[in-house]
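As a plain string of letters, each chain reads:
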Amino acid sequence: MESRAVEQGGAPPPAGRGARRPEDYRTPLWVDWCPGCGNFGILTALTQAFAELGLEPRRTVVVSGIGCSGKTPHYIYANGVHTLHGRAIPFATGIKLANPGLTVLVVGGDGDLLGIGAGHFVALGRRNLDITVIMHNNQVYGLTKGQASPTLPYGVKTKALPKPNIQDMVNPIALALASGYTFVARGYALDVKGLKELIKQAIRHRGAAFIDVLQPCVTYNDVYTVQFYRRALYRLEDDPDWDPLVRSPEEAPEKMARAVAKSMEWGERIPYGVFYVDPTKPSFEERLEKRLPGYLDQPPALQRVEQAGKPTVTREHLRRIFGEKIVQVNPARRGRR
Amino acid sequence: MESRAVEQGGAPPPAGRGARRPEDYRTPLWVDWCPGCGNFGILTALTQAFAELGLEPRRTVVVSGIGCSGKTPHYIYANGVHTLHGRAIPFATGIKLANPGLTVLVVGGDGDLLGIGAGHFVALGRRNLDITVIMHNNQVYGLTKGQASPTLPYGVKTKALPKPNIQDMVNPIALALASGYTFVARGYALDVKGLKELIKQAIRHRGAAFIDVLQPCVTYNDVYTVQFYRRALYRLEDDPDWDPLVRSPEEAPEKMARAVAKSMEWGERIPYGVFYVDPTKPSFEERLEKRLPGYLDQPPALQRVEQAGKPTVTREHLRRIFGEKIVQVNPARRGRR
Amino acid sequence: MVLSEAYLVIGGPQGSGLETSAQVLTVAFASRGYGVVANREYHSNIMGRHSYVVFTVNSRRLVGHLSAPFHVAAFMDAESVFTHFEEVSKGSIFVYDRDVEATPLEKVVSMEPARRARVERRLRELGVEPTVGGVVEHLRSRGVRVAGLSFRGILERLQSRYQVPRGRLRRFTSAIVAGAVAGALGLDAAALEEGFRYRFRRREHLVEPNVYTAMLAAEEVRGQAGSIDLEPGSLELGEALVVTGNEAVAIGKVIAGVRFQSYYPITPAQDESFYLEEHELLDAGGERLGSVVVLQTEDELAAIAAAIGAALTGARAATATSGPGYDLMVEGLSWAGISEVPVVVTLYQRGGPSTGMPTRGSQEDLLASLFAGHGEFPRIVLSSGDHEEALRDAVTAANLAEKYQLPVIHLLDKFLANTVKMIELPDPAGMRVERGVWEEEPGPDYRRFRLDAPTHPISPRAPLGGAVMWYTGVEHDEYGHVSEDPEMRMKMMEKRMEKLSLADREIPERGERAVLYPGGEKPSSIEMLILGWGSVKPVVLEAVERLRREGVAAAYLHLRYFQPFPARYVYALVKGVKEHGGKVVAVEHSYRAQASMVVEMNTGLIVPYKVVKYTGRPIYLHELLEALREIHAGKTGRVVLRFGE
Amino acid sequence: MVLSEAYLVIGGPQGSGLETSAQVLTVAFASRGYGVVANREYHSNIMGRHSYVVFTVNSRRLVGHLSAPFHVAAFMDAESVFTHFEEVSKGSIFVYDRDVEATPLEKVVSMEPARRARVERRLRELGVEPTVGGVVEHLRSRGVRVAGLSFRGILERLQSRYQVPRGRLRRFTSAIVAGAVAGALGLDAAALEEGFRYRFRRREHLVEPNVYTAMLAAEEVRGQAGSIDLEPGSLELGEALVVTGNEAVAIGKVIAGVRFQSYYPITPAQDESFYLEEHELLDAGGERLGSVVVLQTEDELAAIAAAIGAALTGARAATATSGPGYDLMVEGLSWAGISEVPVVVTLYQRGGPSTGMPTRGSQEDLLASLFAGHGEFPRIVLSSGDHEEALRDAVTAANLAEKYQLPVIHLLDKFLANTVKMIELPDPAGMRVERGVWEEEPGPDYRRFRLDAPTHPISPRAPLGGAVMWYTGVEHDEYGHVSEDPEMRMKMMEKRMEKLSLADREIPERGERAVLYPGGEKPSSIEMLILGWGSVKPVVLEAVERLRREGVAAAYLHLRYFQPFPARYVYALVKGVKEHGGKVVAVEHSYRAQASMVVEMNTGLIVPYKVVKYTGRPIYLHELLEALREIHAGKTGRVVLRFGE
Ligand SMILES: Cc1ncc(C[n+]2csc(CCOP(=O)(O)OP(=O)(O)O)c2C)c(N)n1
Ligand SMILES: Cc1ncc(C[n+]2csc(CCOP(=O)(O)OP(=O)(O)O)c2C)c(N)n1
Ligand code: SF4
Ligand code: SF4
Ligand SMILES: [Mg+2]
Ligand SMILES: [Mg+2]
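Calculation notes
Residues numbered from 1 in each chain as written. Chains lettered and ligands numbered in written order. Predicted model: local features only at pLDDT ≥ 70, side-chain atom pairs only at ≥ 80, totals over all residues. Heavy atoms only, no water. Contact = heavy atoms within 4.5 Å. Buried area = accessible area lost by both parts, 1.4 Å probe. Salt bridge = Lys/Arg side-chain N within 4 Å of Asp/Glu carboxyl O. Polar contact = N/O pair within 3.5 Å; in protein donor to acceptor, adjacent residues only side chain to side chain. Nonpolar A, V, L, I, M, F, W, Y, C, P; charged D, E, K, R; others polar. Pairing = 2+ DSSP bridges. Helix = DSSP H or I, 4+ residues; strand = E, 2+ residues; numbered from the N terminus. Axes fitted to C-alpha atoms, helices over the stretch in contact; angles between N-to-C directions. Least-squares fit on C-alpha atoms with pLDDT ≥ 70 in both. Domains from an automatic or database assignment.

### Things to note about the interface of chain A and chain D
Across the boundary between the two partners, chain A contributes 79 residues, which contact 108 residues of chain D. Both faces combined, the contact of chain A with chain D buries some 7,800 Å², and carbon together with sulfur accounts for 58% of it. Seen at the junction of chain A and chain D, the total is eight salt bridges. A salt bridge links Glu298(D) to Arg127(A); the shortest N-O distance between them is 2.7 Å. On the surface where chain A and chain D come into contact, there are 35 residue pairs in polar contact (both at pLDDT 80 or more). Taken together, the residues of the side of chain A that touches chain D break down into 37 nonpolar, 25 polar and 17 charged. When strand S13 (residues 326-329) of chain A meets strand S7 (residues 238-244) of chain D, the two strands line up antiparallel, connected through four bridges. Residue pairing in the sheet places Val329(A) in a bridge with Gly238(D) of S7(D).

Written out as structure tokens, the structure reads:
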């Protein structure tokens, strides 16, 4: 009875199974973002992408940090891990490495991923672990009431700021490229269809994928508004010469340099779409499989370590694994001196 | 007597003052780096640069993290702040902001600055605070016995590693550029003269400066050795077409893109020298002065806050500063209802 | 009956102007000579979730406690009605929006499932129809004086009079609520005007239409429900500060001479830094007092590091944070400990663990404030019980940090942080700024960690910039150079730890580190000794007052310092009370009653009775009194309080 | 006199092969049936600073304690001679390098100024010329049996026999030192060969020239100084493990089924992870046992986050760190607390605060392990006293974490971590792996934080990948969705905290959470009850043994769990001892004697006597005995130990 009450807060999956619809990936919880918030678009794109990819909720994990964006997993019917401010990436890293069979996504705010979490953001790039990072870029700290986030340009004064921003913005695309992400793109929260396609590509990509999603915050950001983006945004794919795909490792430096140069356009005109894709670099899991043959089949999460209440490791195993540390003690045999 | 004993551990300054020699910037402490360590070259370059700039020891602060590199300040006769692993930059930030008249340098390891400290590294770039960051890049964690640092490329196996490195390297130059550093260079520990010049330029530069110093670790790094660098290194300045200087803000994106492209050369041939200088961006202190007129003259460290044991702030000051919070209480005057 | 003290509640969705109503009312009451306090409850949400403000208004004195049932309740929406309908009683005035009368519980989508289930069950039990109208009927039948206003109607009248654009009309909802309360308590238009002027300082054109709207509501309420007879306010302060705890601390820091504050935004600490930043120019009307550098860092690791760096230059430096941020600061704290850095960490406790209940209050971080940070180093931990203490302690904390050259943790909590209170305007002339021991003319052989100073264990300081010195988190010699020598280690360890003994000798236990109320009470005459700390102070003091009137010889020992702990004084008092058969009761906002653990650790005396609350809501007078009476009657040893939605 | 136990010290500069000597000797003694333990002292430095290893060798049993004066001292360099010359006594054998005889103290540049000043003063007091030769003369005059070897000469003989390249000759210094000790204690070439084989497992060609070199030194020592009569080793173990504490824990983790370990390098924790990584394949000679993922993260914030993430998938996951890293983990710990994640943090204590004395030992982090991490959440804190305990506790920690679904902190320290000890080969068949309560077939309505489970307060787990669930650091409902409801809050808080009460009921106090030695001792018959924990165990046990032989009815209460603390048992025991007039003494490696504070907090009983050491060096038997005798004689209440350079 009490538990009945509680159940309503949970997320019974939809009745009909089989082919999945976006709605099947939504929990019945009330979404407490401000009306008109760009996050709604991202949520829709996510569930659409999940549906089109046919992801299995129990084999999918959405990991988030803290912030308005951090609430996302609760609205999605798939595993959700709402972690600490800035730490979504290392939580996701542990999840993915312990069970590489899972599809793991990180959703986070711009403060979360590029402010307090910037160190982990860089580290994930270096590892090229198969995780998709989706950054809700609203240029503000939403949940703490509108302070400047690391993506707000210098001199800009949004509503909640008492004075114009005194820090510079970081360039998320360039930072991702410098860190080693092998899929780097920018999406726009209100172009749900385009974003959905980017998310699908990012999830399918084997390696660390990053999508910088421009997300209007209607409550605190009165500069980067829907009106602003409508004027400024243009699609990379509309340029027939734009080719972000690395076809062989040798192409990487030049494509990356072009992507970085492109990423510096931020002003009147802002490009979005795919900046860079390098499918030639091995993912971290692949590297690990090389080092630990059998890892992908028997990752940490799937190994049996107990048998009838006992360790599966026996004394004989110890002798073989740690033999180097074993000394034969034989005072009698050889005696002293 | 006991204190006499202790004094020997300190650093009485050299007798003769006046024009300073590099030796005047050395403490009498025994340097406990391994013989042949590249750090010696960096130490020498630092003291030479200090001497040539005529820095005043008491107005100069060398801030370090933890690692072999972290010991540097103790060997330098100037203020030294040997902080926490990864946190040298934020300590230095507090020092510089509280007393912008000081010359502040950060010296740190590659693990320190780009591993555990990567978030702060990015943040300093965004702020463009007038601090010079010198990274002792030995590709390993020296003081903890040779594990791979974030600058060691994928697949490389140095002496102390049981297996080849499974993580990718981060590109320090590209990362610094993406973060917003306005002076970005690479030096080589054994080219002391060249390094000294870079350090001088970096200190003179008004804004966040970064020098990636290639530093052979003779004990743990048997890949990036002196022999290796001798073959691979070439000077950017030897190319007459190489012009890293941003002369007006409009030039910045293109120069930066070129610098990033250049920074991707890492293999047979490795460029060093100045990659990028942008003196056109205002430093953080300049921005602050705009916001807080008088800040540079009366920064936090130099404000008088006490007068004969009392606050300098009076009740009348409170009335004026916080007047908005004061309510006139007058139950009698208007009465109720 | 004429009341001299009234309890009020107003409610509505987050982002709908409830804060405006609260501020206006607080100032209106203050300006009329009432003591007033207002506590805000809200979700970790920007817009839409339920929020409410609870007030106590007293006609004769400054107040800090809250209580229920409420004499007046005024709500903006259906969720508030469903959430709070049981918190009023016969004779209370209950104001709601008639336009949502038909709204059924199930349509209130913003309500949390757990609460909805509970309300549903309760309504079923009571046999009440689950609509706003049903609830109102129920209240009326219980003798509550109900006033249903048509919010839409009032806004339409406003619109026709002032031509407010339709899209902005909703912003005047706050005026309706403020007006409703004013009406119910007989506050006049002029008082409301003071409130609106305070609120819309630089947008004066908003004052008139707001007062107009409020008065429409006031009249309507009086018409429907009459009003409650509250004694006229009689406080003769001349001027008063109406501030939150966050603001009180910021003002204290300015007085203390804190000129560098680094922070990373976190509820409920951040408003202190924002307030400081707003006043960073220290603009005393033309006179240059300097300025405060307020730095938003990339995280809390950087916040404490930057504050320490600033402190090393001789600036008075501080940082402010809450639990999760504090966790990230403890490595830095340990560095400040070994390097003897005077730095203040203002720690606002909120509901934990982890992200916990970020917008709710607690006193859960006491043990962490004392013991987090590896290794052994001295720190001072002090806590404030109300706005007045918070302001003064901000000065004291900065003094102690510099006097003993160590980190000081100033403990506060969300209750205090967000509560708006009327206090006297402080006079800095009565405060001290003590900057500790400095080396007047540091020579080239300056030793930052000198072991043979006359002021030992305090080594005279010099700022970076004023001498050459070294700092390191590694164990070090007098110069600050790394040392692993065992004798040097012992000397440095002892030097550092002895600073705490010194502080223990120098800071008075009685009256400063712990304060007994009523002051002169002898242990032998105390029947019930209540131990508490931080923001339980006002409500416990009130409870003690009431118990004494009931004939129970209660007293309150307000613990202010947890390090150095006033062990001798507390020991003597607690021991004395126990020996004479008195009861010793801890009242705290934590599951384990952490302060009582610290008492036990320091005195070896067990605190046998506990009243705790860990719902994240403040302790109310009525529930506390009930708990204490039960304990006094010998009915129970531990009471868990739970009032408040 | 024939000794059954000998104390040895060897010394030399960091990076000169001292570790090789130590390993070779340890194995050599072990293979000959001696119990042996070796503790290494070193600076935070890669090359050049002074380092030394102290051994105890026992012919009859396994040992863990250290003592002085040393029977044998063998040194590579002048610094060692100057540093340790007062640690030998009449009849000791003292081996040094004759080639540095002329070296004056002032030329030993690597010596720390503080120590140099002290040695200088001491030599002056003794009237000894400040050169190696002068010191040696002094020793000889005091009856020490001095042997001066020409290291250069020995290496030249090696060179002429094996044509070792000149540049590599220095690497054989370690063989000289090992040989010198072997000579002084009559260990044969075959035993040394065992030692070198162990050391140079995959470089067998190095064994012969090393043994050759060692035997040259051995003969020379015997020639000059004779040898010390040590009883033949008589341990009949068949096979033994010779491991450091780090390795013991790593082996324990493999047995426990820990298959994911994240870490960030830090002394003295890192070697555990390196050792795990070396054996990551779990290669049991062809048989596939799976593998361990060992992840070096970018920092400790990430290390704990990754371990938690892995634990959520159902893997047994752990991380290992030391003080500074632990500080960075506490925010994550708090998340694990609210989210009920079974994760093990292996915490190796070192000298603090801050970077402190990174390569020296301490027990300074007990309070931080108990109380760091904001908010209130359950955790288990247990500590190990020796290698055997460390290995078993690694299994226990993993079991408790999963059984109670909470973070477990396994406390160790640098002494244990780096000490090499001979122990019996453990048998996993005698151990249990308890994985706790799992939901067999989680349905679509799975509730991770179910409140009505038969196993309440434990909710049956399911791994990510096996059901759909939510986790959040925010207070939550049964599904793991955010909830700020006060009733839900109370239920969840109580559920979590009750797990600790459950553990308190289920884990035996006596024998598991605290162990009394000798076992059956009654409080009334204990004259001196020593309270200790962690790595003081071996030395205290030995001291108790000796005191009892001296007629003092001493006993040792080894505290193993600090949460849940065995309060009833400890209370009864301590109370009993005190009531019968016995003395209760804490022996700890911290300034404040932190475990005694925890005892006081949990029992309200004061621990009046303290023996503490905070130089970062281990407690030696001889100094401990002296301290305890003084306390027993009523001469003092607090003794600060200081032996060891
Ligand atoms: C360690 C820590 N510091 C601070 C906070 C407070 N906090 C919560 S959300 C947030 C920032 C959110 O900004 P962003 O990451 O951009 O997310 P958004 O709300 O804009 O989606 C902060 C600082 C916290 N939860 N934890
Ligand atoms: C929080 C914390 N984690 C780990 C350590 C241990 N530690 C000391 S130095 C070091 C790495 C040093 O590497 P790097 O920064 O590259 O400096 P280098 O020694 O190579 O100069 C580490 C991990 C520490 N001191 N603090
Ligand atoms: S504050 Fe901004 S980001 Fe947060 S929910 Fe509202 S609109 Fe969205
Ligand atoms: S370990 Fe490497 S970096 Fe460190 S001192 Fe030795 S050579 Fe230099
Ligand atoms: Mg944001
Ligand atoms: Mg390095």
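Don't stop here, the text continues.
### Side note on the sheet that holds strand S23 (residues 609-613) of chain C
Pairing between the strands of a sheet is mediated by backbone hydrogen bonds and can be parallel or antiparallel. Residue and element names in this part refer to chain C. Strand order in the open sheet made by the six strands is S18-S20-S19-S22-S23-S24, with mixed pairing throughout. With partners counted over all chains shown, the strands left at the sheet margins are strand S18 (514-517) and strand S24 (638-641), one partner each. On average, each strand axis in the sheet is inclined to that of its neighbour by 20 degrees, with strand direction left out of account. Each of S18, strand S19 (528-533), strand S20 (554-559) and strand S22 (583-588) touches helix H17 (residues 537-549); the most contacted strand, S20, lies at about 165 degrees to it.

### Notes on the relation of the copies chain B and chain A
With an axial shift of 0.0 Å and an RMSD of 0.0 Å, the rotation relating chain B to chain A amounts to 180 degrees. The symmetry that links the two subunits is that of a two-fold axis. Among all residues of chain B, the minimum C-alpha distance to the rotation axis is found for Gly119(B), at 2.1 Å. With an isologous cut-off of 70% or more, the 100% of interface residues of chain B that recur at the interface of chain A puts this contact in the isologous class.

### Considerations on the sheet that holds strand S9 (residues 233-235) of chain A
With mixed pairing, the nine strands of this open sheet are ordered in space as S9(A)-S10(A)-S7(A)-S8(A)-S4(A)-S3(A)-S1(A)-S2(A)-S18(D). Every interior strand has two partners, whereas the edge strands, S9 of chain A together with strand S18 (470-472) of chain D, have only one. Averaged over all adjacent pairs, the angle separating strand axes in this sheet is 20 degrees, with direction ignored. As paired elements, strand S7 (residues 183-188) of chain A and strand S10 (residues 270-277) of chain A share four bridges and run antiparallel to each other. From the neighbouring strand, Phe183(A) faces S10(A), where its bridge partner is Val277(A). With respect to the sheet, helix H9 (residues 252-263) of chain A is in contact with S9 and S10 of chain A, its orientation differing from that of S10(A) by roughly 165 degrees.

### Observations concerning the domain arrangement of chain C
All names here are of chain C. Per the domain assignment, the segments making up chain C are domain 1 (5-225), domain 2 (242-430), domain 3 (437-506) and domain 4 (514-640). Measuring from the centre of the C-alpha atoms in domain 2 to the corresponding centre in domain 4 gives 27 Å. Counting from both sides, the interface comprises 28 residues of domain 2 and, opposite them, 26 residues of domain 4. A buried area of about 2,200 Å², summed over both sides, lies between domain 2 and domain 4, and 55% of it is on carbon and sulfur atoms. Taken together, the connections running from domain 2 to domain 4 amount to four salt bridges. The closest approach of N and O atoms between Lys537 and Glu389, which form a salt bridge, is 2.7 Å. At the junction of domain 2 with domain 4, the criterion picks out 15 residue pairs in polar contact (both at pLDDT 80 or more). Taken together, the residues of the side of domain 2 that touches domain 4 break down into twelve nonpolar, eight polar and eight charged.

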